[in-house]
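# Overview (structure and organization)
Here's the letter readout for the chains.
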Amino acid sequence: KVFETPIHSIKIEPEFNCREAFTRDSVEELKESIAQDGLLFPIDIEPTDEKGFKFRLLCGFRRLTCCKLLGWQHIPARIRTNLTPRQASLLNLTENLERSNLNILEEAKALGKIFPDYRTISSIAAELKRDTKWVSIRRHLLYMPELVQKAAASGRLSARDLSVIRASGNELRKAQQLLRVRSEGTKRKGHNGSSVRRKSEVKELIAQMLEEGFNPQLTRFIGWTIGEVDDKELESALSWLRDKQGWLR
């Protein structure tokens, strides 16, 4: 059941939340949404004996912050009871994962906090209903160099990048190499001032075109520009186009 709960009766413990601290600017868009459409999802709270409060916040730190900024006195909340500390932390993590509110380092730290080292990756994956690779790379991220962790948290290194770094044998050097290539790639400019696309970006475009049903012959032209298709294959694609009425005009 959802209850209209006085906001002043809810204790907020930022260190409990698996999200890193957020700024007022970062919740501005959510605040505007709540102001326009109301609160679509209630927060989760549990009873507490803490002096001056009736409840402790479990899930909904950003939503509660927005409602405070809007001047709300009450907020819709689900009251959870009889939760162990671990169950409460797990609820906070899974709720954030469902809303995609966490960066990969926040996810890794939450796993480290909730699941002890002796827990197997497969058992954690089963409990969270996630792939074992998803769990494995986040567990390992906790032991990677600080530079890697910060780059992952900021989005400059993806989960795929972390897998490559992990298998490299020298994690710091491989991370620096990847970051340097990314930096140089963003600085390259074409003759008209536009950014020059990296090979990986072009390959992703080709894969997307094939997935959407584009004829493979058309994607060969794009592949030729990055050296993935040789001149003979390109000529074959040109011949195919010449044989089609209306393609070349």
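Anything mentioned here points back to the structure above.
Spatially, S1-S5-S3-S4-S2 is the arrangement adopted by the five strands of the open sheet, whose pairing is mixed. Looking at the sheet topology across the chains shown, the edges are occupied by strand S1 (2–6) and strand S2 (10–11). The sheet strands contacting helix H2 (residues 61–69) are S2, strand S3 (43–47), strand S4 (55–59) and strand S5 (74–79), and the helix crosses S4 at an angle near 120 degrees. This element, helix H3 (residues 85–98), spans S3 and S4 of the sheet and lies at about 40 degrees to S4.

Every buried residue of helix H5 (residues 121–128) is accounted for by Ile124, Ala125 and Leu128. Relative to the axis of H5, the buried residues are bounded by an arc of 100 degrees and lie together on one face. Lys129 sits one or two residues past H5 and shows a positive phi near 60 degrees.

So, about the packing of aromatic side chains. With the rule as written, the count across this model stands at zero aromatic pairs. The positively charged end of Arg56 is found above the aromatic ring belonging to Phe16, 4.5 Å away from the centroid.

Further remarks concern unusual backbone geometry. Most peptide bonds are trans, and most residues other than glycine sit at a negative phi. For Asn82, which is not glycine, the phi torsion reads 60 degrees and is therefore positive. Within the secondary structure, Asn82 is located in the loop between S5 and H3. On the basis of relative accessible area, Asn82 is assigned to the exposed category, the value being 77%. In this structure, Lys129 is a non-glycine residue whose phi angle is positive, near 60 degrees. Following the sequence through the fold, Lys129 ends up in the loop between H5 and helix H6 (132–141). Given the relative accessible area of 73%, Lys129 is considered exposed.

This next bit is on the pattern of salt bridges. Applying the stated criterion to the full structure yields 12 salt bridges. Two residues, Asp44 and Arg80, come together in a salt bridge whose shortest N-O distance is 2.8 Å. You can see Asp44 sitting in strand S3 and its partner Arg80 sitting in the loop between S5 and H3, a full 36 residues away along the chain. Judged by relative accessible area, which is 31%, Arg80 ranks as partly exposed. Ionic pairing is found between Glu95 and Arg63, a salt bridge with its closest N-O pair at 2.2 Å. With Glu95 in helix H3 and Arg63 in helix H2, this pair connects stretches of sequence that are 32 residues apart. The exposure class assigned to Arg63 is buried, which follows from its relative accessible area of 9%.

With that out of the way, let us pick up the environment of Leu142. Following the sequence through the fold, Leu142 ends up in the loop between H6 and helix H7 (146–153). Once the C-alpha coordinates of Leu142 and Lys109 are considered, the two residues, 33 residues apart in sequence, prove to be 6.9 Å apart. In this view, Leu142 contacts Ala108, Lys109, Gly112 and Gln149; residues no more than four positions away in its chain are not counted.

Burial analysis of S3 places four of its five residues in the buried class, the great majority of the element. When S3 meets S5, the two strands line up parallel, connected through three bridges. Paired with Ile45 across the bridge in S5 is Ile79. Sheet analysis places S3 next to S4, joined by four bridges and oriented antiparallel. Directly across from Ile45, in S4, lies its bridge partner Leu57.

Cut-off values and rules
- Residues numbered from 1 in each chain as written.
- Predicted model: local features only at pLDDT ≥ 70, side-chain atom pairs only at ≥ 80, totals over all residues.
- Heavy atoms only, no water.
- Pairing = 2+ DSSP bridges.
- Helix = DSSP H or I, 4+ residues; strand = E, 2+ residues; numbered from the N terminus.
- Contact = heavy atoms within 4.5 Å.
- Axes fitted to C-alpha atoms, helices over the stretch in contact; angles between N-to-C directions.
- Buried < 20%, exposed > 50% of the residue type's maximum accessible area, 1.4 Å probe, protein only.
- Arc of directions from axis to C-beta.
- Phe/Tyr/Trp six-rings, centres within 6.5 Å; stacked < 30°, edge-to-face > 60°.
- Lys NZ or Arg CZ within 6 Å of the ring centre and 35° of its normal.
- Salt bridge = Lys/Arg side-chain N within 4 Å of Asp/Glu carboxyl O.

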